[in-house]
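Here's the letter readout for the chains.
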Amino acid sequence: MDFNALLQQAQKLTHETQVSDDLPRVERTLPQVLQATQELHSRVTQTGAQDMQAHILLGSNGIDLPKISQKLETLSSRKTFEPLDPIATTDVQNFLRNEKENAILAVIEEVHKNSYLSAETQKWDHMMNDWKQEKVKLMNALIGPSQSWIDIRKGPEQTILNETTFGGRSSLNSQEMAYAREVHEYNKLVCEGAMRPSLIQRFAQVAESFNDSRVNDVWEVMKYMTNVTPIPRSQDPMKVRCSQHLFINQAKRYLENRYKIFMQTVISEHLREARRGGIPSVLNLVGSFVGLKLATHGLNSSFIGLQDGQVDGKPLWPMVYYCLRCGDIASALKCMQMAGQGHEDLIAVLEEKCHNPEQKTNPRLELQIRMQYKRQIRNATDPYKRAVYCIVGCCDIQEPHADIAKTTDDFLWIQLSLIRTDGDDSAEHLTCSGLQSMILEQYGEKHYNANEQPHLYFQLLALTGQYEAGIEFLSRFEKYRVHAVHIGLALNELHMIGGPRNLQEPLLSVDFEDPHPMRRLNIARLIMLYVKKFEITDPPEALHYFYFLRNLKDSEGRNLFLVSVADLAIECRDFDLLFGRMQRDGMRSRGLIDQFETVHIDTRTVCEMVAEKFVKKGMFEDAIKMFDLASQQEQALRYTSILLSQVVHHANKEGSLRERVQRMAHEFTERYTGAEKNCDSQTWSTFNLLKELAAFFDYYHGKNHQSAMDILERIKLVPLRMSDLDVAVNNFKRLSGEVCKVIPDLLLATMDIAYTKYKTMKGKDVAKFDDLGKKNQLSYLREQAKALTNMAAMVPYRMPGDTNSRLIQTEILMH
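First, a word on scope: everything that follows refers to the structure included in this document. Being a predicted model, the structure only gives us computed values, none of them experimental. (Residues numbered from 1 in each chain as written. Predicted model: local features only at pLDDT ≥ 70, side-chain atom pairs only at ≥ 80, totals over all residues. Heavy atoms only, no water.)

### Structural notes on the overall build of the protein
Selection criterion: Secondary structure elements are defined from DSSP: runs of H or I of at least 4 residues count as helices, runs of E of at least 2 residues count as strands, and each element is numbered from the N terminus. The rule is simple: take the accessible area with a 1.4 Å probe, protein chains only, and divide by the maximum for that residue type; under 20% is buried, over 50% is exposed, in between is partly exposed. All accessible-area figures derive from a Shrake-Rupley calculation using a 1.4 Å probe, and residue coverage is judged against the displayed protein chains alone.
Secondary structure summary: the protein contains 37 helices and four strands in total. Across the 815 residues in the protein, those meeting the buried criterion constitute 42%. When the accessible surface of the protein is summed, it comes to about 45200 Å², and 51% of that surface belongs to carbon and sulfur atoms.

Written out as structure tokens, the structure reads:
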């Protein structure tokens, strides 16, 4: 195509464009087109691909996004919730609109503020509750010097009980209930004065029903460890234990018998290989066991390098060691004698131990064995020979004997065998406190993986005489807590637990006077923490556990059992169940507390303690009931009078405090009138006077004005005529403070009765011959009003509120 044809087509298009009215004519030069293109490109690159896609998407649906953006920019969310500017008060319409919007904004702001405060409060409450729980755990596990900064008594705050739990299902599980039944039976025998059974034996029998071998092992340890000479009640059990080391022989006996059972079990499982025969004896048992170990573990390192021949076809030193491990010194001696010559010193020591087990070993013989061990035995290849010499002669206490002591029981038995209770500090022997420190502090819970096997670590602590630390450790675990508590109870009854000097100390504490690393257990805190779980739902069981605290005193010198019962009564508030109730004949029915009544435990003392706690809380209604149960008529009548003075002038309503207090007052009147009572005459007079006032106000609110006035005539508290004024004022000076409080309301009520009668009489139509009587009656009522007003002005009492002005106004209305 030539340029002429192209020019003609362009002119044709131009002409068609000029005649079209739809599109405006656009004339741009090439530089202008280039500039427009560059501007469009810059906008695209600044806006971004996503914005461009948004423009295209919305534009395809007929939405002008640039206009919407401009409108959104004009809006300011910040200004929306700001208070509106005030306008002229003459512009009523805008003023009302502003007020409405300001009110809405104020509500929004208030809701926002309240929501924030509520969320903040709930957050802190939740954090505080979590911290309190953690604090309890920390304090109970705290081990430190004796301090007096934890109060064992419960706080004064009132607990709001869940009504659905109280009186419903028990909070005790099957194991706890089984122990509780045994505690109940034990306390019953104690209260009856019968011979006390062994709580350890009884609890162990209960534990057997749980079918838990680990729990049975724990109780089996305690049966061995408590089979010692009783500790006198006058001595500190901690000092006796540390000075006499009563637990060492029992711990060794337990480990030896346990190992004997283990050997019998192994042999019974391999009877054919063991080839056991002959007369049953420990020597025969050990021989079969050693033969079985040689047959099954002949290549084991513990049987490499055995020395000094054999006895009955078995290696000498394994036979001697396992005889000692079973606690049979006589069999070990027999093996040594059968071995022939060369071991005279060792035989002499064994003979001495066999014939005089309770006496001290000859120091000369032990010294010879130690010297022989240092010169020859220390480097011997036979591990059993080294172990026997160390055990018999207390040689090389640092040797772990790892080839032989494969279990914790083996290690502990060897360590207990190395202890010499009668040596001096300079001698080369293991001390009791040294072994205890090794178990509790040097190795500790982490070394023995105590969190995974708490029962095993407890056994280690118990077998080394650290009962307090063992009980505290075991009580940290939910599964074993119930067993730990009852172990503590049983040991406490045997006087084998070292308690703190101050009951306000933590669960486990250190006393500076005790040998290191002994701890003292706060048995009172242990029991209270345990009972706290079920004291509300099971108060009878809680009482039996508190009974174990009867020999302890709190910081104020009070019996801790009584203090605990008082706190329990305040928590559960079932006074009739705990203390019984007063009968119409003045006798108290029996409650749960009566089963524990002795010379040192008096039910009336507990009731009085509970009453005093209620008084401190300001809960006078409950205090009155408890004072009545405690036969404290003086206090019961006194606080009844205090309550009556506060509500006597109110109208009586069903279920109100006034009705309840008035009912108690009637009961006291029935029981106390004519009977001997330990109260002051003034208290009794005040009580009766308030009862009369209660009857007066009942008649007054019931519109029975004549009966009300009869009571006033009888009690002479307010003047009904001017001649009675001096008598009423003098009587007022002798009144107690409780009655004086009621006088202002009594004056107003009496004035109201007089004014009501005055209005009735004033508006009554009477005959002429009765007109004189009407005047006399109106005059009497005016005189009565004047006497009441004068009394209010004359008595030495500051009338509350507008009493005087109301009396004067009423008097004016009657003239």
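There is more to say after this.
### Focus on the environment of Leu592
Residue placement: Leu592 occurs in the loop between helix H27 (575-579) and helix H28 (603-617). We classify Leu592 as buried; its relative accessible area is 17%. In the structure, Leu592 is positioned 53 residues away from Pro539 in sequence and 8.9 Å away in space, judged by C-alpha atoms.

### Side note on the packing of aromatic side chains
We apply this condition: A pair of Phe, Tyr and Trp rings is counted when the ring centres sit within 6.5 Å of each other, with Trp represented by its six-membered ring. The angle between the planes then sorts it: under 30 degrees is stacked, over 60 is edge-to-face, the rest tilted. Here, a charge over a ring is recorded when the distance from Lys NZ or Arg CZ to the ring centre is within 6 Å and its angle to the ring normal is within 35 degrees.
Enumeration according to the criterion identifies 36 aromatic pairs in this entry. The rings of Tyr259, Phe262, Phe289, Tyr321, Tyr322, Tyr384 and Trp413 are connected pair by pair, giving a single aromatic cluster. Directly above the ring of Tyr639 sits Arg638, whose terminal nitrogen or CZ lies 4.9 Å from the centroid.

### Let's talk about the nonpolar core
Put simply, the rule reads: For this analysis, a nonpolar core means a set of buried residues of the types Ala, Val, Leu, Ile, Met, Phe, Trp, Tyr and Cys, connected via side-chain atoms within 4.5 Å. Working rule for contacts: check all heavy atoms of both residues, and any pair within 4.5 Å makes them a contact.
Counting 217 residues, the largest nonpolar core has Trp219, Met222, Tyr321, Tyr545, Phe579 and Val610 as its most contacted members. Here this core gets 13 residues from one element, more than from any other, and that element is helix H35 (residues 737-762). Residues in contact with Tyr321, not counting those within four places in the same chain, are Tyr384, Ala387, Val388, Ile391, Ile404, Trp413 and Ile414.

### Looking at the pattern of salt bridges
Definition in use: When a carboxyl oxygen of Asp or Glu is within 4 Å of a side-chain nitrogen of Lys or Arg, the pair counts as a salt bridge.
For the structure on display, the rule yields 36 salt bridges. Residue Glu468 is joined to Arg241 by a salt bridge in which the shortest nitrogen-to-oxygen separation is 2.7 Å. A residue pair is termed long-range when its members are at least 10 positions apart, and Glu468 in helix H22 (residues 467-474) and Arg241 in helix H10 (residues 237-244) qualify at 227 residues. Both residues of the pair, Glu468 and Arg241, belong to the buried class. Close ionic contact of Arg573 with Asp622 constitutes a salt bridge, the shortest N to O distance being 2.5 Å. Of this pair, Arg573 sits in the loop between helix H26 (560-572) and H27 while Asp622 sits in helix H29 (residues 620-629), and the two are 49 residues apart along the sequence.

### Considerations on the packing of helix H8 (residues 199-208) against helix H23 (residues 481-493)
Under the convention used in this document: Axes here refer to lines fitted to C-alpha atoms; in helices the fit is confined to the stretch in contact. Angles between the N-to-C directions go from 0 to 180 degrees. Convention used here: angles under 35 degrees read as roughly parallel, angles over 145 as roughly antiparallel, angles from 65 to 115 as roughly perpendicular, and any remaining angle as oblique. It is the rotation of the near helix from the far one that decides the hand of a crossing: anticlockwise by less than a right angle makes it left-handed, clockwise makes it right-handed. When residues are sorted by character, Ala, Val, Leu, Ile, Met, Phe, Trp, Tyr, Cys and Pro go into the nonpolar class, Asp, Glu, Lys and Arg into the charged class, and all the rest, Gly among them, into the polar class.
Packing of H8 against H23 brings their axes to within 9 Å, and their N-to-C directions diverge by 160 degrees. Taken together, the axes of H8 and H23 lie roughly antiparallel to each other. Our pair here, H8 against H23, has a crossing hand that is right-handed. Of the residues in H23, those touching H8 at Leu199, Ile200 and Phe203 are His486, Leu489, Ala490 and Glu493. Class assignment for the residues of the contact of H8 with H23 results in five nonpolar, one polar and one charged.

### As for the environment of Glu182
Here Glu182 is to be found in helix H7 (residues 174-192). Judged by its relative accessible area of 14%, Glu182 is buried. Aside from chain neighbours lying at most four places away, what touches Glu182 is Arg202, Phe203 and Val206.

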